[in-house]
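In case you want the letters, here they are:
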Amino acid sequence: MSKLDRAVYDTYASLDTGSYVQAEYVWIGGSGQDLRCKTRTLDKVPTSVAELPIWNFDGSSTGQAPGEDSEVMLKPAAIFKDPFRRGHHILVLCDCYKPDMTPIPSNTRFDAARVMEAAKAHVPWFGIEQEYTLFEKDQVTPYGWPKGGFPGPQGPYYCGAGAHSAFGRLIADAHYRACLYAGVRVSGINAEVMPGQWEYQVGPCTGIESGDQLWISRYIMLRVCEDFGVHVSFDPKPIPGDWNGAGCHTNVSTKAMREDGGMAKIIEALEKLKLKHKVHIAVYGTGNERRLTGRHETASIDQFSYGVANRGASIRIPRTAEADGKGYFEDRRPASNMDPYTVTGRIIKTIVLDEA
Ligand SMILES: Nc1ncnc2c1ncn2[C@@H]1O[C@H](COP(=O)(O)OP(=O)(O)OP(=O)(O)O)[C@@H](O)[C@H]1O
Ligand SMILES: N[C@@H](CCC(=O)O)C(=O)O
Ligand SMILES: [Mg+2]
């Protein structure tokens, strides 16, 4: 395949589009994990999602509607600055509806928005640690690994620096910048335990904003990787054997947990989560049973546990929270491919709303 020359593209990218705004509508596809996008031109810069037109797409091509009634409606939910086109161009995260504007089955945002609205007085915050693994374009060889072979065992790679340990930093760092530019609250990045694996954290964000920010951050990751010609995988156990899996640890707090004496509220929430372990595991990502083995900094999928500073527990109470007697807890069970709308919604249903 002939390689497109970025420098040639840049001569067009710098053209002034006047008052025209390119709006990239982004939505979650039929697998519940893939992201789709298409662009339309707006005449002026919108100041809120309410000003943006509802649009539609061919749901029969994304596994989201039958061919005979293929139109799915795209309803704008959140606006971000577009780090690829820059200027006043925007990314528009949407959720999907039938023509009668009832949510399609794969629209998980709709219920999460209801849950977050119902729990608004508790001001839930989420900080999500997104782990991901970079691969060569062949989608077989993790980035930086010898073709058909293995690198040295895990040890030097976590938070590593140097050509022998950090593989793909340009992508991790480009994505970090692009997210900050877009208005995504990335709180940090680090190289992970398995070589070629990285993490970024999004948050803390309040309520439904957390899912919106995480989904658009994944879209930005796909686009950055597209530019570098590298494949990103959100598989929870990309390489079987003695290699770390990839999670999406979800840090959670409510207003009461963040206030003095909050530890009692944290323990109360953990006891509720204990009773619903299976219900949570069922929606914490597909293939998570390959990851939650009780090894590689995970707890066994069959048992619920919590503990201070324990990376082998289902839920970790950070040392700082124990010392302060308040703060937040870290649910370590969600897989890297989890749906943040479903996971944050499920947690609030269990610990705040007492919903089944
Ligand atoms: N009170 C809070 N409620 C919810 N999230 C919070 C709160 N305070 C901090 N966070 C968020 O929790 C996340 C913690 O991520 P960080 O990677 O620092 O944690 P970690 O669990 O120590 O990392 P690792 O598991 O990789 O060792 C950050 O996104 C942070 O902004
Ligand atoms: N990658 C591990 C977590 C490692 C960490 O805590 O940094 C997991 O699958 O959850
Ligand atoms: Mg963590």
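By the naming in an unreviewed UniProt entry, the protein chain is Glutamine synthetase, taken from Achlya hypogyna. Per UniProt, the protein chain has the following entry under Subunit (unreviewed entry): "Homooctamer."

Right, let's get into a nonpolar patch on the surface. On the surface, Val8, Tyr12 and Leu15 cluster together into a nonpolar patch covering about 340 Å² of accessible area. Judged by relative accessible area, tyrosine 12 falls into the exposed class, the value being 57%.

With that out of the way, let us pick up the coordination of the magnesium ion (ligand 3). The magnesium ion (ligand 3) binds to the protein through Glu129 (OE), Glu129 (OE), His249 (ND1) and Glu330 (OE); the donor distances cover 1.9 to 2.5 Å. For the magnesium ion (ligand 3), the six donor atoms in the first shell make angles of 55 to 164° at the metal, a pattern classed as irregular.

With that out of the way, let us pick up the site of ligand 1. Taken together, 18 residues lie near ligand 1, and Glu129, Ser253, Arg311, Arg316 and Glu330 sit nearest. Contacts to ligand 1 include serine 253, whose side-chain N or O atom sits 2.7 Å from a nitrogen atom. Here an oxygen atom of ligand 1 sits 2.8 Å away from a polar atom, N or O, in the side chain of glutamate 330. Here ligand 1, which alone exposes 650 Å², has 79% of that area covered by the protein. At the level of elements, β6 (125–135), β8 (197–206) and β10 (248–253) are the ones that each hand at least two residues to the shell around ligand 1. Here the shell around ligand 1 is built from residues that sort into four nonpolar, seven polar and seven charged.

Conventions and cut-offs
- In this convention, every chain numbers its residues from 1, walking through the sequence in written order.
- Here every chain gets a letter starting at A, and every ligand a number starting at 1, in the order they are written.
- With the structure being a predicted model, the display of local features is reserved for residues of pLDDT at least 70 and the display and counting of side-chain atom pairs for 80 or more, all residues being used for whole-chain, interface and lining totals.
- Hydrogens are left out, water is left out, and the side-chain values use all remaining heavy atoms of the structure.
- UniProt positions are given in the numbering used here, feature names are shortened, and annotations may be inferred rather than shown by experiment.
- Excluding any residue in a salt bridge, patches collect residues exceeding 30% relative accessible area, merging like charges within 9 Å and nonpolar Val, Leu, Ile, Met, Phe, Trp and Tyr side chains within 5 Å.
- Surface accessibility follows the Shrake-Rupley procedure with a 1.4 Å probe radius. Residue values consider only the protein chains on display as shielding.
- Only one rule defines a salt bridge in this text: a Lys or Arg side-chain nitrogen within 4 Å of an Asp or Glu carboxyl oxygen.
- Burial status follows relative accessibility: with a 1.4 Å probe on protein chains alone, a residue under 20% of its type maximum counts as buried, one over 50% as exposed, and anything between as partly exposed.
- Note that water is not among the atoms used; donors are N, O and S atoms within 2.8 Å of the metal (3.2 Å for Na, K and Ca), so sites may look incomplete.
- Geometry is assigned from the angles between donors: four donors with all angles from 85 to 135 degrees make a tetrahedral site, four or six donors whose opposite pairs exceed 155 degrees while the rest stay between 65 and 115 make square planar or octahedral sites respectively, and everything else is labelled irregular.
- Distances are taken per atom, and a residue is near a molecule or strand as soon as one of its heavy atoms is within 4 Å of it.
- Distance and chemistry together define a polar contact, namely a pair of N or O atoms within 3.5 Å, with one atom able to donate a hydrogen and the other to accept it when in protein, and with adjacent residues in sequence counting only for side-chain atoms on both sides.
- Under the DSSP-based scheme used, a helix requires at least four consecutive residues in state H or I and a strand at least two consecutive residues in state E, with every element numbered from the N terminus.
- Gly is put with the polar residues, along with every residue not named as nonpolar or charged; the nonpolar set is Ala, Val, Leu, Ile, Met, Phe, Trp, Tyr, Cys and Pro, and the charged set is Asp, Glu, Lys and Arg.

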